[in-house]
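Structure at a glance
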Amino acid sequence: MQPTFSSTRILLPVRPWFIFFSLIAATLLNFLPTAHWPGVPDWVALVLCFWSVRESRRVGMGWAFVLGLAMDVADGAVLGQHCFAYVLLAYTSTALSRRLLWFPLGTQALQVLPLLLATQAMQTLMRLVAGADFPGWGYFIGPFVATLLWVPATFILLLPQYRPVEQDPHRPL
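Heads up: these notes are all about the structure in this document. A quick note: this is a predicted structure, and the numbers were derived from the prediction, not measured.

When helices and strands are counted, the protein shows eight helices and zero strands. Order of helices (α) and strands (β) in the protein, N terminus to C terminus: α-α-α-α-α-α-α-α. Sorting the 173 residues of the protein into buried and exposed places 43% on the buried side. Long-range contacts, defined here as pairs at least 24 residues apart, represent 69% of the contacts in the protein between residues at least 6 apart.

Shown next, in the form of structure tokens:
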């Protein structure tokens, strides 16, 4: 797949170990104590959304459930809070993946924003139902920051897939 529809660069197939590494790195970023500060994005949601859009056959609701369960245990949150939100995010991202890939990266980011906001809203709703206090409106700044990070994250996560620019003149492709 290409970075955008209008791109002329051909990408190599993604390596499964790189997907695994990026999801684990996002999980570790969420384990940091700074992850609960206002404005810090949910790294797992961002990377999970990215791979669900790009590689929907390899990353989907199963990965979302496992990562959500890990985040629930690590945060000491209501069991299933992150699981449910991440599974809905993965499902919606996969369902919209063909549509999203037609747009340039800036427009993709704007269309990913409601998905990330819905993920945060679902987590907040589940906390409130369980009897927790409202975390404040600063909790909802993270999806906006993640939307701003969509373009750099796309370039960083697609970097290993780019083919070399130099071409062999004797090769047809």
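From this point, things continue past the structure.
We now examine the nonpolar core. Ranked by internal contacts, the top residues of the largest apolar core, which has 35 residues, are Leu 23, Leu 48, Trp 51, Tyr 86, Leu 89 and Trp 150. Of all the secondary structure elements, the ones that give two or more residues to this core are α1 (16-31), α2 (43-54), α3 (61-75), α4 (81-95), α6 (105-129) and α8 (150-158). When residues of this core are assigned to their parent elements, the largest contribution, nine residues, is made by α2.

A separate point is the side chain of Ser 97. The topology assignment puts Ser 97 in helix α5 (residues 97-100). You can call Ser 97 buried: its relative accessible area is 7%. Here Thr 94 takes part through its backbone oxygen, which lies 3.0 Å from a polar atom of the side chain of Ser 97.

One pass over the structure, following the stated rule, counts nine aromatic pairs. Considering the side-chain rings of Phe 18 and Trp 51, the 6.2 Å spacing of their centres and the 85° angle between planes classify their relative orientation as edge-to-face. Of this pair, Phe 18 sits in helix α1 while Trp 51 sits in helix α2; the two residues are 33 residues apart in sequence, bridging distant segments of the chain. Trp 51 shares its class with Phe 18; the two are buried. When the centroid spacing of 5.1 Å and the interplanar angle of 65° are considered together, the rings of Phe 134 and Trp 137 count as edge-to-face. Residue class for Phe 134 comes out partly exposed when judged on its relative accessible area of 39%. Counting every residue linked through ring pairs, the aromatic cluster contains Trp 17, Phe 18, Phe 50, Trp 51 and Trp 150.

How each quantity is defined
Residues numbered from 1 in each chain as written. Predicted model: local features only at pLDDT ≥ 70, side-chain atom pairs only at ≥ 80, totals over all residues. Heavy atoms only, no water. Helix = DSSP H or I, 4+ residues; strand = E, 2+ residues; numbered from the N terminus. Buried < 20%, exposed > 50% of the residue type's maximum accessible area, 1.4 Å probe, protein only. Contact = heavy atoms within 4.5 Å. Core = buried A, V, L, I, M, F, W, Y, C linked by side-chain atoms within 4.5 Å. Polar contact = N/O pair within 3.5 Å; in protein donor to acceptor, adjacent residues only side chain to side chain. Phe/Tyr/Trp six-rings, centres within 6.5 Å; stacked < 30°, edge-to-face > 60°.

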